[in-house]
Amino acid sequence: MPPALAAVVSTAERIAKPREELQFAGVTDERTQCERCGRIELKRTVVLRRVIDGEPSGFVYFGVDCAAEALGRTRKGVLEEAMRAELERRIAVRRAEFEAHPAIVAVRREDARLEGLGRAPSKRHREWALEARARAMTDLGITDPKEKR
Ligand SMILES: [Zn+2]
C-alpha cells in the first residue's frame, strides 16, 4: 500500500472506531469482582460509566487499581473521589429519610397549603415546624451541628 494511502486508511480507521470513554460514577460493595482483570473478593469496586461516541452505554465495575489505570489517575485520587461519593450518598440517604419523616411531611404539606393561599407562615406555624424538625432529627438520631458544643 502506498504510504499516502496507508495514512488515509489509518485516519479513516481512527475516525470510524467508536470512541469509548470511562467516567467515574461511584463505588459499590455490591460487586466484588474487577471486570478488567478478574480479581475477586474485593472490598469494593469503582463504578465506571461507559460513554461511547458521547452516548452513555451502561456501567462497568473495576477494582481501585484498574479504575485508576483506566481513568489515568492515581490510586489515591480515585480513593478520595470514592470516599467523597460515599459521603454524598450517605448524606442523600439521610436527607431522604428526614424528608420522609411524618412530621416533616406534615410541615411540607402545611407550608405548601399556606403558600397556595398566599399566606405568610404565622409565628405559631414556625414554632410548630421547628418542633417537627427537632422531633424528626431526634427520631432519626441526627444531631444538629449548631447545637454541638
Ligand atoms: Zn482489576
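Keep in mind the model is a prediction, meaning the values are calculated, not measured.

A. Structural detail: the overall build of the protein chain. Along the protein chain, the regular secondary structure elements total five helices and three strands. For the protein chain, the α and β elements follow one another from N to C terminus as α-β-β-β-α-α-α-α. A compact globule built from 149 residues should have a C-alpha radius of gyration of about 15 Å, whereas the protein chain, at 25 Å, is more than 25% larger. Within the protein chain, the proportion of its 149 residues that are buried is 11%. Counting contacts in the protein chain only where the partners sit at least 6 residues apart, residues at least 24 apart contribute 48% of the total.

B. Quick peek at the packing of helix H2 (residues 64–71) against helix H3 (residues 75–100). In contact at an axis separation of 8 Å, H2 and H3 are set at 105 degrees when each is read in the N-to-C sense. When the axis of H2 is compared with that of H3, the two are roughly perpendicular. Residues Val-64, Asp-65, Ala-67, Ala-68 and Leu-71 of H2 pack against Arg-75, Val-78 and Leu-79 of H3. Partitioned by chemical class, the residues of the contact of H2 with H3 number six nonpolar, no polar and two charged.

C. Up close: the nonpolar core. Val-27, Cys-34, Val-46, Val-47, Leu-48, Val-60, Tyr-61, Phe-62, Cys-66, Ala-67, Val-78 and Ala-82 together form the largest nonpolar core, which totals twelve residues. Elements represented by at least two residues in this core include exactly strand S2 (45–52), strand S3 (55–62), H2 and H3. Those residues within four positions of Phe-62 in sequence are excluded, and the remaining contacts are Cys-34, Glu-35, Arg-36, Thr-45, Val-46, Leu-48, Ala-67 and Ala-70.

D. Spotlight on the sheet that holds S3. Strand order in the open sheet formed by three strands is S1-S2-S3, with antiparallel pairing between adjacent strands. The two strands at the open ends of the sheet, each matched to only one other strand, are strand S1 (20–28) and S3. Between one strand axis and the next, the sheet turns through 25 degrees on average, direction left out of account. Looking at chain direction, S2 and S3 are connected through six bridges and run antiparallel. Paired with Arg-49 across the strands is Phe-59, a residue of S3. Packed on one face of the sheet, H2 meets S1, S2 and S3 and runs near 30 degrees to S2. Those strands touched by H3 are S1 and S2, and its axis lies near 55 degrees from that of S1.

So, how was this worked out
Residues numbered from 1 in each chain as written. Predicted model: local features only at pLDDT ≥ 70, side-chain atom pairs only at ≥ 80, totals over all residues. Helix = DSSP H or I, 4+ residues; strand = E, 2+ residues; numbered from the N terminus. Rg over C-alpha atoms; globule rule 2.2 N^0.38 Å. Buried ≥ 20, exposed ≤ 12 C-beta atoms within 10 Å, placed from the backbone. Contact = placed C-beta atoms within 7 Å. Axes fitted to C-alpha atoms, helices over the stretch in contact; angles between N-to-C directions. Parallel < 35°, antiparallel > 145°, perpendicular 65-115°, else oblique. Nonpolar A, V, L, I, M, F, W, Y, C, P; charged D, E, K, R; others polar. Core = buried A, V, L, I, M, F, W, Y, C linked by C-beta atoms within 7 Å. Pairing = 2+ DSSP bridges.

Shape descriptors only; they carry no functional weight alone.
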